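Fold and contact review
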Amino acid sequence: MVKGEQARLQALRQLALLDTPPEERFDRIVRLAIQFFGVEAALVTLVDEDRQWFKSRRGIALTQTCREESFCAHAIQEEGIFEIEDASQDSRFKDFVLVKVHRGIRFYAGIPMTTVDGFRIGTLCIIDSVPRRLNEQQRQVLKDLAACAEDEINRSR
């Protein structure tokens, strides 16, 4: 679990974003991520105690997944980009349902979004069904897009 989990969850709830309708300000960032990276899916996620919920999503029909099978729950435990080149080859993720299905998740890259108080409450992430690796330019663009999403999240206060 994330250090200071109860305080993190309180900070997340204070944003009043969970279970709210889609918003163009987040959808725009997700569309840009898909276009720039050429991936199948991009998400703005929020991680609560039981799930990762998708504030914005493209390329995936689900609106949430359980936290136990969440890449983003791992991503918020660290600063910077959390990148998995091939989830089917990673012992932490290879048994996840969304990895095992036909055309399941192979590539994942997510960067935590932090509240002004320093709590990592979710991610901007990109997903693909083929293994890949980000180059330095792509890593910088993902950081920049995540910073834009983080700014929007902190405006919610």
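Residues numbered from 1 in each chain as written. Predicted model: local features only at pLDDT ≥ 70, side-chain atom pairs only at ≥ 80, totals over all residues. Heavy atoms only, no water.

An unreviewed UniProt entry lists the protein under the name GAF domain-containing protein, with Vreelandella alkaliphila given as the organism.

**Focus: the packing of helix α2 (residues 24-37) against helix α5 (residues 136-155)**
Put simply, α2 and α5 touch, their axes get as near as 10 Å, and they point 175° apart. As the angle between them shows, α2 and α5 are arranged roughly antiparallel. Contact residues: Arg25, Phe26, Ile29, Leu32, Ala33, Phe36 and Phe37 in α2; Gln137, Gln138, Val141, Leu142, Leu145, Cys148, Ala149, Glu152, Ile153 and Arg155 in α5. Residue composition of the contact of α2 with α5, by class: 12 nonpolar, 2 polar and 3 charged. (Axes fitted to C-alpha atoms, helices over the stretch in contact; angles between N-to-C directions. Helix = DSSP H or I, 4+ residues; strand = E, 2+ residues; numbered from the N terminus. Parallel < 35°, antiparallel > 145°, perpendicular 65-115°, else oblique. Contact = heavy atoms within 4.5 Å. Nonpolar A, V, L, I, M, F, W, Y, C, P; charged D, E, K, R; others polar.)

**Notes on the pattern of salt bridges**
Throughout the structure, instances matching the rule amount to 19 salt bridges. Across the pair Glu5 and Arg67 runs a salt bridge, and its minimum N-O distance is 2.8 Å. Of the two residues, Glu5 is situated in helix α1 (residues 5-14) and Arg67 in the loop between β3 (64-66) and α3 (71-75); the sequence distance between them amounts to 62 residues. Look at Glu5 and you get buried, because its relative accessible area is 9%. On the basis of relative accessible area, Arg67 is assigned to the buried category, the value being 9%. Between Arg28 and Glu24 there is a salt bridge, and its shortest N-O distance comes to 4.0 Å. Taken together, the residues Arg28 and Glu24, both in helix α2 and 4 residues apart, mark about one turn of the helix. Arg28 gets classed as partly exposed once you look at its relative accessible area, which sits at 43%. Connected via shared salt-bridge partners are Glu23, Arg25, Lys55, Glu152 and Arg155. (Salt bridge = Lys/Arg side-chain N within 4 Å of Asp/Glu carboxyl O. Buried < 20%, exposed > 50% of the residue type's maximum accessible area, 1.4 Å probe, protein only.)

**Thoughts on the environment of Arg31**
Structurally, Arg31 is set in helix α2. Between the C-alpha atoms of Arg31 and Ala42, which are 11 residues apart in sequence, the distance is 7.6 Å. Filtering out sequence-adjacent residues up to four positions away, Arg31 remains in contact with Glu24 and Arg58.

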